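Summary of the model geometry
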Amino acid sequence: MIQHLIVLPVVLPLVMGVVLLRSRFGSTRFKRIASVAATLALAAISLALLLRAADGEIAYYALGGWQPPFGIVLVLDRLSALMVMLTSVLAIGCVIFACGGDDEKGSNFHGLFQLQLMGINGAFLTGDLFNLFVFFEVLLLASYALLLHGGGKSRIQSAVHYVVLNLAGSALFLIAVGVLYGATGTLNMADMAARLGELPAERNGLVTAGALLLLVVFGLKAAILPLYFWLPRAYAAAPAPVAALFAIMTKVGVYAILRVYSLVFGEQAGELAALEQPWVWWMALATLVAATIGVLAARDLRLLVAYLVLVSAGTLLAGVGMNTPEATASLLYYLVHTTLVTGGLFLLAEMIAQQRGKAGTRIVKGRPLTQGGALAGLFFLGAAAMAGLPPLSGAIGKALLLHAADAGQRPWLWPILLISGLCAIIALSRAGSTLFWRSHEGERGGEPLPRQQWIGVSLLLATSPLLVALAGPISDYTQATAAQLADPGALVSALLSDNGGAP
Amino acid sequence: MESLYAITTGVLSACGLYLTLRGRTFPVVVGLTLLSYAVNLFLFSMGGLTTDGAVVVNGDGDYADPLPQALVLTAIVIGFAMTAFAVILAMRARGDMGNDHVDGRKHEDREETRR
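Residues numbered from 1 in each chain as written. Chains lettered and ligands numbered in written order. Predicted model: local features only at pLDDT ≥ 70, side-chain atom pairs only at ≥ 80, totals over all residues. Heavy atoms only, no water.

**Some remarks on the interface of chain B and chain A**
Each partner contributes to the interface: chain B provides 28 residues, whereas chain A provides 27 residues. Between chain B and chain A, roughly 2,500 Å² of surface is buried when both sides are summed, and carbon and sulfur atoms account for 84% of that area. Looking at the side of chain B facing chain A, the largest losses of area belong to Met 82, Phe 85 and Leu 89 of chain B, adding up to 24% of the total buried there. At the junction of chain B and chain A, the tally comes to 0 salt bridges. Our count for the contact surface shared by chain B and chain A stands at 3 residue pairs in polar contact (both at pLDDT 80 or more). Going through the elements one at a time, α2 (25–45) and α3 (66–97) of chain B are the ones with two or more residues in the side of chain B that touches chain A. The element best represented in the side of chain B that touches chain A is α3 of chain B, accounting for 14 residues. Along the lines of polarity and charge, the residues of the side of chain B that touches chain A split into 19 nonpolar, 5 polar and 4 charged. (Contact = heavy atoms within 4.5 Å. Buried area = accessible area lost by both parts, 1.4 Å probe. Salt bridge = Lys/Arg side-chain N within 4 Å of Asp/Glu carboxyl O. Polar contact = N/O pair within 3.5 Å; in protein donor to acceptor, adjacent residues only side chain to side chain. Helix = DSSP H or I, 4+ residues; strand = E, 2+ residues; numbered from the N terminus. Nonpolar A, V, L, I, M, F, W, Y, C, P; charged D, E, K, R; others polar.)

**Thoughts on the nonpolar core**
All names here are of chain A. By size, the foremost hydrophobic cluster in this structure holds 210 residues, and its most contacted members are Leu 129, Phe 218, Tyr 235, Tyr 261, Phe 265 and Leu 348. Considering every element that reaches this core, the biggest residue donor is helix α14 (residues 325–356), with 16 residues. When neighbours within four sequence positions are excluded, Phe 218 is seen to be in contact with Leu 132, Phe 136, Phe 173, Gly 253, Ala 256, Ile 257, Val 260 and Tyr 261. (Core = buried A, V, L, I, M, F, W, Y, C linked by side-chain atoms within 4.5 Å. Buried < 20%, exposed > 50% of the residue type's maximum accessible area, 1.4 Å probe, protein only.)

**Side note on a nonpolar patch on the surface**
Where nonpolar side chains cluster on the molecular surface, the patch consists of Val 11, Val 15, Val 19 and Phe 30 of chain A and spans about 290 Å² of accessible area. Of note, Val 11 of chain A is situated in helix α1 (residues 8–22). (Patch = residues over 30% accessible without salt bridge, like charges linked within 9 Å, V, L, I, M, F, W, Y side chains within 5 Å. Areas by Shrake-Rupley, 256 points an atom, 1.4 Å probe, with all protein chains shown as cover.)

**Here's the deal with the confidence of the model for chain B**
Low pLDDT means the predicted coordinates in that region are not meant to be read closely. All names here are of chain B. In the predicted model, chain B carries a mean pLDDT of 83, and 83% of its residues have values of at least 70. Confidence, read as mean pLDDT per element, is least for helix α4 (residues 107–114) in chain B (50) and greatest for helix α1 (residues 2–20) (93). Here residues 111–115 is a poorly scored stretch, pLDDT under 50, and it has 0 contacts once near neighbours within four places are set aside; other chains count. (pLDDT = per-residue confidence, 0-100.)

**A word on the UniProt feature "domain: NADH:quinone oxidoreductase/Mrp antiporter transmembrane" (unreviewed entry) in chain A**
In the numbering adopted here, UniProt assigns the feature "domain: NADH:quinone oxidoreductase/Mrp antiporter transmembrane" (unreviewed entry) to residues 127–418 of chain A. Segment residues 127–418 of chain A splits into 75% helix and 0% strand. End C-alpha atoms: 36 Å apart. (UniProt positions renumbered as here; feature names shortened; annotations may be inferred.)

**Here we look at the pattern of salt bridges**
All names here are of chain A. Applying the stated rule across the entire model yields 9 salt bridges over all chains. With a closest N to O distance of 2.8 Å, Arg 32 and Asp 103 form a salt bridge. Highlighted residues: Arg 32 in helix α2 (residues 28–54) and Asp 103 in the loop between α3 (78–98) and α4 (109–125), separated in sequence by 71 residues. The closest approach of N and O atoms between Asp 102 and Lys 105, which form a salt bridge, is 3.0 Å.

**Examining the pairing of strand β1 (residues 59–62) of chain A**
Residues and elements named next belong to chain A. Burial along β1 is two-sided: Ala 59 and Tyr 61 facing one way and Tyr 60 and Ala 62 facing the other are all buried. Where β1 meets strand β2 (residues 73–76), 4 bridges bridge the pair, whose relative direction is antiparallel. Looking at the pairing, Ala 59 lines up with Leu 76 of β2. (Pairing = 2+ DSSP bridges.)

Encoded structure:
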């Protein structure tokens, strides 16, 4: 049983997704209980995987017993365990929130939600480049359907852009995989890393082309500057629990960049080592600038949070572009914080919209809120964490990143990151004071919000103080993760020697 | 054989790219389909083209690389599902928005203002 644990984060959501899709006309109560129970079980499995990976062991699971480099493998190391854990924590918040009524606005919410979790977990765990493509498609297909959940003009319009762009991205992904396979003769990432070292020099150009094509694909997922224009509208139009789960989707792109370029194009690749670094660094800084302008210009709370997702994507990619173990450690801490808090803010925006009635999330004067005090308190917590104000987790994450920059990078990173933080404070405080203080005279409107929504939001936003309280152990873990990533040789030898932990 | 293959792939992807950049949803869907055909052909060739070889390992004779065939099969299935979804989405967008422009705005309006 214990050696099959690695495949469970993929199999459990798959089975639950099929069960929930089959019982789509069944009682709402059953679907909700099954979905929440499956997500809680997923969190328990992720925790077990995290504890297993924490001592630095690199385990792999050979599907069907076909040993690497020939078979498809799922690889568990510190990074993938951390990402799977993060996904399941975020999913708990989203699925509990959805039980407050959002899941019944369309059909099949819970089944598609589980399939989306399967795609995300699979993308984090896989050790095979083509399998990564397959899991990207699984998570994208589920996300297309979830984005349309509930219907409406703005959703369909943004979904057209989102689907077309991602289909074009998939085509590019396949071309890149084809080029890399043609040049190296393997699809297993560890095997590819081992073979790149002894690659004949005339194939360098081909591998460079394939690697940079991959960067375009991952950049589209991670929403780096010239490829982010689909994101704000899609995230602002998506239903709240879906938008909150989408907070991890840009991180799938960041993860893929981190994984592929640290493993395959690490130091052993010779001339090809770190070939993405100059591109990522400068485009990440440009993303930060553009997203900051978007944050200041947004006139709608959901759009504002969507641009904050972009700010965090730019910050994370700047950390990737620095390409040092310290930067990787601090970006992983920031990644955990920003995923959970932006997820919480998307959920909170939906609750505010429900209480404000016609004004929705537009940042204009509206009627006073029935439960304004509690909502404002949560908004204050989330906004302070997101903008990076001490004593919450955003401040620690940003301070770690600023500290990790070396002397040549500081003149660029420090002003841009700090000014973007300042602009986030300005935009969030303007939004908060308009939404909660500058309201019309008159009756307080709106129904009291369901209990599940309060639980979901509080769960996600409460992680920010928790991340501060546990900052010591978490940053120890991320530092160990960064050290493991900086040494791809360990993963290669764990996979390609025959005495691994295979079933 | 190689040049014919390369030209076919190139023409397919050029047509696909051109149609994908059009402003209406139907050409975009057709363009994506052509693009996925081009990608499938490209994937086929990624192990190198072999002529007159067996499909799988046949003793110590010449044989074609089996992996691209498996990959192309996966890519075809996924591409087919995606195309079906994109068609349905385009129809929904046409029904809900009242026009088939990818941005959801009426093409005629813009032409009138230009005049």
